[in-house]
Structure formats: C-alpha cells, structure tokens
Amino acid sequence: MRGQGVIMKIGIVGAGVSGIGAGRLLSQAGFDCEIFEQGSQVGGVWTEGYHTFGLQTPKSLYEVPDYPFPDSYPRLPSGEELQAYLENYAKDFNVFDKIQFHSSITRLERKHPSGWVMYYTHQETAEEVKKTFDYIVITTGIYFDPYMPEFPGQERFKGQVIHTKQYRAPKQVTGKKVVVLGFGKSALDVAGEVTKFAHEVTLVYRKAHWPIPMDILGFLDVRRIYLTRFVAQFLPLYQRPFKWTKWVHKYFKWLIYGFWRLTESIIKFQYSLKDCNVIADQAIEIDIFNLDFLPRKEVFQLMRQGKIKNQKTSIKEFTENAVVLDNGQSIECDVLILGTGYKANDQFLPESFQKSLEKDGAYLYRHILHPDLPDMAFIGRAATFSNSLTAHLSSVWLAHLLKGKFQLPETEEMFSEIESIKEWKRGFMPSIASRATVIKLHMVHFHDELLRDMSISPFRKKNLLLEWFGDYRPSDYRKVLSELDDS
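Quick caveat, the model's predicted, so the values are computed rather than measured.

Caption draft 1: Structural view of the packing of aromatic side chains. A full pass over the atoms with the stated rule returns 31 aromatic pairs. Between Tyr67 and Phe93, the aromatic rings sit 5.9 Å apart at their centres with planes inclined by 65°, giving edge-to-face as the arrangement. Note that Tyr67 is positioned in the loop between helix 2 (59–62) and helix 3 (79–92) and Phe93 in the loop between helix 3 and strand 3 (99–100), a separation of 26 residues in sequence. Put simply, the rings of Tyr67, Phe69, Tyr73, Tyr85, Tyr89 and Phe93 touch in pairs and so form one group of aromatic residues.

Caption draft 2: Fine view of helix 3. In this model, helix 3 (14 residues) spans 20 Å end to end at C-alpha, consistent with the 20 Å of a helix rising 1.5 Å per residue. Within the span of helix 3, buried status applies to Gly79, Leu82, Gln83, Tyr85, Leu86, Glu87, Tyr89 and Ala90. Immediately beyond the C-terminal end of helix 3, within one or two residues, lies Asn94, with a positive phi of roughly 60°.

Caption draft 3: Spatial organisation of the sheet that holds strand 5 (residues 116–122). Strand order in this open sheet of three strands is 4-5-6, and the pairing throughout is antiparallel. Unpaired on one side and paired on the other, strand 4 (103–110) and strand 6 (127–133) mark the two borders of the sheet. Recorded for the sheet is a direction-independent mean angle of 25° between the axes of neighbouring strands. The pairing of strand 4 with strand 5 spans seven bridges and is classified as antiparallel.

Caption draft 4: Broad picture of the side chain of Ser18. Of note, Ser18 is situated in helix 1 (residues 17–28). Judged by relative accessible area, which is 10%, Ser18 ranks as buried.

Caption draft 5: Structural detail: the packing of helix 1 against helix 13 (residues 387–402). For the pair helix 1 and helix 13, the least separation of the axes is 9 Å and the interaxial angle reads 35°. In this structure, the crossing between helix 1 and helix 13 has a hand that is right-handed. Touching Val17, Ser18, Gly21, Ala22, Leu25 and Leu26 of helix 1 are Ser388, Ala391, His392, Ser395, Val396, Leu398, Ala399 and Leu402, all from helix 13.

Caption draft 6: Highlighting the pattern of salt bridges. Counting across every chain of the model gives 35 salt bridges. Note that Lys461 is salt-bridged to Asp476, the shortest N-O span being 3.0 Å. In this pair, Lys461 is assigned in the loop between helix 15 (443–453) and helix 16 (464–469) and Asp476 in the loop between helix 16 and helix 17 (478–482), connecting sequence segments 15 residues apart. In this structure, a network of salt bridges that share partners links the residues Glu358, Asp360, Glu419, Lys422, Arg426 and Arg435.

Caption draft 7: Examining the packing of helix 13 against helix 15 more closely. For the pair helix 13 and helix 15, the least separation of the axes is 10 Å and the interaxial angle reads 20°. In terms of their interaxial angle, helix 13 and helix 15 are classed as roughly parallel. Classified by chirality, the crossing of helix 15 by helix 13 is left-handed. Here Leu389, Thr390, Leu393, Ser394 and Trp397 of helix 13 come into contact with helix 15, specifically with Phe446, His447, Leu450, Leu451 and Asp453. Here the residues of the contact of helix 13 with helix 15 are counted per class, giving six nonpolar, three polar and one charged.

Caption draft 8: Fine view of helix 4 (residues 185–194). Among the ten residues that make up helix 4, ten are buried, leaving the element largely enclosed by the rest of the structure. Within the sequence span of helix 4, burial applies to Lys185, Ser186, Ala187, Leu188, Asp189, Val190, Ala191, Gly192, Glu193 and Val194. Of the surrounding elements, those touching the buried residues of helix 4 are strand 10 (177–181), strand 11 (200–205), helix 11 (298–304), strand 14 (308–312) and strand 18 (335–338).

Caption draft 9: Just the sheet that holds strand 17 (residues 330–332), in detail. Strand order in this open sheet of three strands is 15-16-17, and the pairing throughout is antiparallel. Two strands bound the open sheet, and with one partner strand each, they are strand 15 (315–318) and strand 17. Going across the sheet, the axis of each strand differs from the next one's by a mean of 30°, ignoring polarity.

Caption draft 10: Quick look at the environment of Ser103. Within the fold, Ser103 resides in strand 4. C-alpha separation for the pair Ser103 and Glu128, spaced 25 residues apart in sequence, amounts to 9.4 Å. Here Ser103 is in contact with Phe36, Glu37, Gln38, Tyr120, Thr121 and His122, once residues within four sequence places are set aside. A polar atom in the side chain of Ser103 sits 3.4 Å from the backbone oxygen of Gln100.

Criteria and thresholds
- Residues numbered from 1 in each chain as written.
- Predicted model: local features only at pLDDT ≥ 70, side-chain atom pairs only at ≥ 80, totals over all residues.
- Heavy atoms only, no water.
- Phe/Tyr/Trp six-rings, centres within 6.5 Å; stacked < 30°, edge-to-face > 60°.
- Helix = DSSP H or I, 4+ residues; strand = E, 2+ residues; numbered from the N terminus.
- Expected span 1.5 Å × (residues − 1).
- Buried < 20%, exposed > 50% of the residue type's maximum accessible area, 1.4 Å probe, protein only.
- Pairing = 2+ DSSP bridges.
- Axes fitted to C-alpha atoms, helices over the stretch in contact; angles between N-to-C directions.
- Left-handed = near helix turned anticlockwise from the far one by under 90°.
- Contact = heavy atoms within 4.5 Å.
- Salt bridge = Lys/Arg side-chain N within 4 Å of Asp/Glu carboxyl O.
- Parallel < 35°, antiparallel > 145°, perpendicular 65-115°, else oblique.
- Nonpolar A, V, L, I, M, F, W, Y, C, P; charged D, E, K, R; others polar.
- Polar contact = N/O pair within 3.5 Å; in protein donor to acceptor, adjacent residues only side chain to side chain.

Any link to function would need more than the numbers given here.
The structure is reproduced here in structure tokens:
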C-alpha cells in the first residue's frame, strides 16, 4: 500500500459487530489483531438498552453473511439474543480471545514513518498502558454515548430526566406522568411500552417521519420490493448513476413520482397516520434518508386511542413539575425520557480527524479512509439498512487493500472524491448531524463499489431476473467473506 511499511499488527477499537467482524476478517487475511473494548461484553449497542429493546429489522437482514442466526431465534431477536449471537460469533471465529475488555482508549500518537502508539486505561486497575501497532481500525461507529440535550430551567425540575437507554424497568414510570421526546424508533418503542404502566404519556417531537412497515399491508415482506436493484433506480440519483437510470429519471418522472406517492398512501392506510396526526412533512423518498425505522404497529394504535398524546413542537423550558412547550402548552411531568439518539466518541482521535468534522459529520473515502490519516481506517461509519453486512464488506475491502490486492488513488483524488460525496449528499439528503455516514437504501450501489474495487463481481444472484427483482440480503455475499484468506 502506497506510503506504508509492512503491516502485520493491527489494533482495533471497539468490540461491537463492526469490531469483531474486522477482527475476524483481518485475522483471516493473515494479520495479527488485538481488539480493545471499553465494556465488559461483546456486542456494542446490543450489550444494554431500554426495556424490551431489540432488532427492528428481520434477522435475515442483520445476520453476518456466513453465520446465520439460530433457527430458534424469532424474526425480531431481542437485545439479549443479539448479544449472545455476536458473542458466539466472536468465539466461533476465534476472535473472543483477542479482545481486551475494560479498556478505554485515551489517545493515539502517530509514529514515524508509519504506525501508531495507542494509549489506553484499564478501567479495573486505572493503569495506563501503551501499545504500538502498524495499523489502527476504529469501529466505534456513530452510536456511542447517549445524546442528552439540556433545557432552560432544568435545574429546578423536581422530576427525573433519563435517556431511553436508561429506561430499564417499569417501576421507573409506574403511575407517573411521562413525556417522551423524539420520533425515532427508541422514542416510539419506549412511548408504547410505558403506556402499560404510566398514568399518562405524551410524545413531543419536532418532525414526524415515515414509518417503514416490515410487511406491507401485513403480508408482503417490505424487503422483497424496496431492497431490489429495480426499486433502487427510483431513489434520488446515486452519486454515479447508470446511464439508463438517468434516462428513467429524465423521461419517466411521472412513474417515479407515482411509485413513491403510492408507497405513502399504503403506509398512511396501514398505520392510520392521518388519524394519529403524524404525517411526515417530507416526501418519503427523501425522508427515508433521515430517521428510517420499522415501528411496532401497536404504537400507532395507542395514538389513535389517545393513550399516547402527540405534541408536534419542542420543549421550551422546565418548571418545577412540568415541561413548557414552544406552542405555549404546559404538560405536567414526573419523568422526561429523551429519545434523542446517540453521538460518536471521537475525542481520542487525532487532530486531523477532529479538523475534518463538519456540521453533518466526517466525510471519508469509501466511508472508510481519511486521506490525511495513513495507517488508519474506520469501519461502521456507513449507515445502511443492513449495517452488519456493510461493516463486514468494508472489512473485506480493507483486508484486500492491506494485502496489496488493489491500490488507492492519489491523496488529491481521494479528497476530490470526498468533495463529490458531500455535494451529492447535500443535494438532497436531510440536513442531519450524521449525514456524512448516510447511505440507507443506496446500499446496493455502495456495496457494488466496494466489490468492484476488489475486482469481485457485484452481481450475486443466479440469473438476470433475480438480479434486478430479487431482494439483496447478507446471505448473497456469503462467499465474499468465506473465500478471504491469507494468500
């Protein structure tokens, strides 16, 4: 690889799905890997979460391509089942013994002419340790620390303010007046759950978003339509669209428009969104690049029944016993639960990375490399509808790169490509703090690019009909992982 010495020893930060996947695949390619995990378990975000948390997509969309979920698992595994699955995966692929648990990375120092010195603190002994690596892989992703905004008057509020991650038991809300802030999956899940125990539940949100049904009208698996190459051509154009795709967008705008309006009509009917007064402001083909989620259908039933009261506004301030909203209303509140998502843990990363952070995140080459940080890669900073698959394909890409099976462009070309990604995303995607990582339904196009870089055919189906109209899922890429070796 241009500008690097011989790479043998790799340090991996994080033991979530991206970290153990990178550890397995880079070890499989012949590298000596060591993984550092702040917590006490494998699994990252799946090691703990709100009461009754779990997977929001069918298990076949989240599984590792060559490591299927057990048949005994339900269609939507719980958080505990996911953590057990990932731990078994780490053990079965001889990754578990490579993990240093309770290890918090404090800083990374660049060696010359190549490599890194990693400083970390062992939480049980408080001892600071340093180790030297030829290469560092950051797999902590963008969902690490709970994001907890503060509001005027919060210090005088006599109630409790917690993040959805901290809602662990019904006793926290039993008989109380609860306000849930947000409109993502965790906010809606928790709002639906606490109605079983709370005296009153109010959902406060600035924008409603389109829910994505797991089964259209209750019987047709949504993946069989929306995760196909055919429907991917109806999305806002990819960064480098096919010529015929541009032709369709130019001459058949009415078809594309009609497809998405039909989709909206079906979802409105399926969830009775009009009755719930939660119709999204943005068109679904744009909003889907924002806060996509597959909700629990009972949440919208609870809205219709008035058991979850909706307030489309923001919190202005606290009083002693209430939250005051921007629309002028005051809601008595004992517990405020923040469904405000997470933020990345980037503090220990080098200055070059910190300087590259913009309002919508850090843009990377192929969502993996920072051109100014040789000997470092990022896995898990590409958000798709199958993050586990994307992380594993990214790790295979990295393994091929480090083995010299393909070459990177010059630094200037990589920066030019990053600027092109910015222009493309900012041209149509919602302005959110994590936009730099967003790929979502364009994942088949992104995966195609990774495979083409490696001179691997991106077409994984048995025939042309399935290639365009069959849904893509992790199992289609099984051989890409299993055939990686140290040759």
